[in-house]
Amino acid sequence: QVQLVESGGGLVQPGGSLRLSCVASGSIFSIRVMGWYRQAPGKQRELVATITSGGSTNYADFVKGRFTISRDSAEKTAHLQMNSLEPGETAVYYCDSMVWSGNNLTPYWGQGAQVTVSS
């Protein structure tokens, strides 16, 4: 079994910054991809950013230039630095990991971290 735990969410004013972290633990041989998604009230979950084990990154157009995803493979941790946050980005932010157990590749989700952008 694999667990993902997010941290770093909270309340921030428009234009402010937050840094989310995701730590994976459990039966992990390797993590192929780690990513961040978000879901606002009444909306579908959407991709924010992903990063592969090799360090290749992918960003949604609406966060390019403002958000930065990074990872520490040895610590099985991913971070999402979010700058210039806007009120419309209030959402629950979820960490996702594609985990190779040695036998199969399985996606896992964290419980989510609430990010509220408001003055």
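Our structure's up above, just so we're on the same page.
Please read these numbers as outputs of a predicted model, since none were measured by experiment.

### What to know about the state of the cysteines
Under the defined criterion, the tally for this structure stands at one disulfide. Linked covalently through their sulfurs, Cys22 and Cys95 form a disulfide whose S-S length is 2.0 Å. Its S-S torsion of approximately -80° makes the covalent link between Cys22 and Cys95 left-handed. With Cys22 in strand E3 (residues 18-26) and Cys95 in strand E9 (residues 91-100), this residue pair connects regions lying 73 residues apart in the sequence. Taking relative accessible area as the criterion, Cys95 reaches 0% and is therefore assigned buried.

### Overview of the sheet that holds strand E7 (residues 67-72)
Taking strand neighbours across the sheet as the criterion, the four strands line up as E1-E3-E8-E7 in an open arrangement whose pairing is antiparallel. Only two strands of the sheet have a single partner each, and these edge strands are strand E1 (2-7) and E7. Here the strands of the sheet are splayed against their neighbours by 15° on average, with no regard to which way each runs. Relative to E3, E1 runs antiparallel, the two being bridged by six bridges. Of the residues in E3, the one forming a bridge with Gln3 is Ser25.

Here is what the cut-offs are and how they apply
- Residues numbered from 1 in each chain as written.
- Predicted model: local features only at pLDDT ≥ 70, side-chain atom pairs only at ≥ 80, totals over all residues.
- Heavy atoms only, no water.
- Disulfide = S-S within 2.5 Å.
- Helix = DSSP H or I, 4+ residues; strand = E, 2+ residues; numbered from the N terminus.
- Buried < 20%, exposed > 50% of the residue type's maximum accessible area, 1.4 Å probe, protein only.
- Pairing = 2+ DSSP bridges.
- Axes fitted to C-alpha atoms, helices over the stretch in contact; angles between N-to-C directions.

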